[in-house]
Amino acid sequence: EIILQRILKEARCIKDKLPSYLLLSQIFQAQGKVADAYGTCSSILTQLGETIPDSVDPEVVGAMISETLRKYDEVYCDDWLGKKMEDYTLR
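Cut-offs and rules
- Residues numbered from 1 in each chain as written.
- Predicted model: local features only at pLDDT ≥ 70, side-chain atom pairs only at ≥ 80, totals over all residues.
- Heavy atoms only, no water.
- pLDDT = per-residue confidence, 0-100.
- Helix = DSSP H or I, 4+ residues; strand = E, 2+ residues; numbered from the N terminus.
- Salt bridge = Lys/Arg side-chain N within 4 Å of Asp/Glu carboxyl O.
- Patch = residues over 30% accessible without salt bridge, like charges linked within 9 Å, V, L, I, M, F, W, Y side chains within 5 Å.
- Areas by Shrake-Rupley, 256 points an atom, 1.4 Å probe, with all protein chains shown as cover.
- Buried < 20%, exposed > 50% of the residue type's maximum accessible area, 1.4 Å probe, protein only.

Here we look at the confidence of the model for the chain
For any part of a model where pLDDT is low, the fine detail of the predicted coordinates should not be relied upon. Overall, the prediction assigns the chain a mean pLDDT of 78, with 81% of residues at 70 or greater. Looking across the chain, the model is least confident in helix α5 (residues 80–86), with a mean pLDDT of 58, and most confident in helix α2 (residues 14–30), with 87.

What follows is the structure, given as structure tokens:
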């Protein structure tokens, strides 16, 4: 954890920091430090220009999922969710 913090401090651009942020958030999650893991992910997404809501309710989550799937479909033009639902290894 200390080494990752040092890398994050010394790295010059966000692209160089992303692998360390990912590993740090996974370490926090494995340690049960959910708030720290969320804070790390939230911080990097904010640096990348994303807006992170303070809280969400089921209606907001449903809308976010629908919008994300719509955007994915626009970009990749495939039915990845349908393919995953056909994959019996996921059942």
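So, the pattern of salt bridges
Between side chains of opposite charge, pairing is possible as soon as their charged atoms come close. Under the definition given, this model contains one salt bridge. Of the charged contacts in the structure, one is a salt bridge between R6 and E10, with a shortest N-O distance of 3.5 Å. Here R6 pairs with E10, and both are found in helix α1 (residues 2–10), just four residues apart, close to one helical turn.

Regarding a nonpolar patch on the surface
There is a patch of nonpolar side chains on the surface, built from V56, V60, V61, M64, I65 and L69 and spanning about 450 Å² of accessible area. Along the chain, V61 turns up in helix α4 (residues 58–76). Assessed through its relative accessible area of 34%, V61 is described here as partly exposed.

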